[in-house]
Amino acid sequence: MAKKDYLGLGRLVSIILAIIPITSWILGFVTRFQEGKIVAGIIRLLFGWNIIWFLDLIFMLVKGSIFRLLNC
C-alpha cells in the first residue's frame, strides 16, 4: 500500500491540495514535522513555495507522495 501524504489523506485529495501552492506549502512542512524530520520541515518552510512546490506536484501525480529532499 502506498504511503498517504498530507496528513494521511487519500491520493486524489492530496493531488488537489498539491495543485494549490499555499496548501502544498503548509501541508508539506506540517507533514515533514509530523514525520519527525525537523530539518526537512524547516527547509520546506523556507523554500517550499518555489521549486519544491513544483516537484511536490510532479511527485504527487506520478508517485502519490511528496518530494522528499532529505530523509534526516
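As the structure is a prediction and not an experimental result, all values here were calculated from the model.

I'm lost on helix α1 (residues 11-19) in this one. Help?
Residues spaced three or four apart along an α-helix point in a common direction, a consequence of the helix completing one turn every 3.6 residues. Within α1, the full set of buried residues consists of Ser14, Ile15, Leu17 and Ala18. Down the axis of α1, the smallest arc covering the buried residues is 165°, so these residues share one side. Of the surrounding secondary structure, the elements contacted by the buried residues of α1 are α2 (21-34) and α4 (51-62).

Honestly, the nonpolar core in this entry has me stumped. Any pointers?
As a rule of thumb, nonpolar side chains are buried together in soluble globular proteins. In terms of nonpolar packing, the biggest core is built from eight residues, these being Tyr6, Ile15, Leu17, Ala18, Leu27, Leu57, Met60 and Ile66. Where this core is concerned, the elements lending two or more residues are α1 and α4. Per-element tally for this core: the top contributor is α1, with three residues. Leaving out residues up to four positions away in the same chain, Ile66 has contacts with Asp5, Tyr6, Gly28, Thr31, Arg32, Arg44, Asp56, Phe59 and Met60.

Is there a simple way to think about a nonpolar patch on the surface in this case?
A grouping of Phe33, Ile38, Ile42, Leu45, Leu46 and Phe47 is seen on the molecular surface, where their side chains present a nonpolar patch of about 520 Å² in accessible area. Relative to the helices and strands, Leu45 is located in helix α3 (residues 38-47).

How should the side chain of Ser65 be read in this particular structure?
Examined against the element boundaries, Ser65 turns out to sit in the segment after α4. Overall, Ser65 belongs to the buried group, its relative accessible area being 12%. Setting aside its immediate chain neighbours within four residues, Ser65 contacts Asp5, Phe59 and Met60.

Criteria and thresholds
Residues numbered from 1 in each chain as written. Predicted model: local features only at pLDDT ≥ 70, side-chain atom pairs only at ≥ 80, totals over all residues. Heavy atoms only, no water. Buried < 20%, exposed > 50% of the residue type's maximum accessible area, 1.4 Å probe, protein only. Helix = DSSP H or I, 4+ residues; strand = E, 2+ residues; numbered from the N terminus. Arc of directions from axis to C-beta. Contact = heavy atoms within 4.5 Å. Core = buried A, V, L, I, M, F, W, Y, C linked by side-chain atoms within 4.5 Å. Patch = residues over 30% accessible without salt bridge, like charges linked within 9 Å, V, L, I, M, F, W, Y side chains within 5 Å. Areas by Shrake-Rupley, 256 points an atom, 1.4 Å probe, with all protein chains shown as cover. Salt bridge = Lys/Arg side-chain N within 4 Å of Asp/Glu carboxyl O.

Read these as spatial facts, not as claims about activity.
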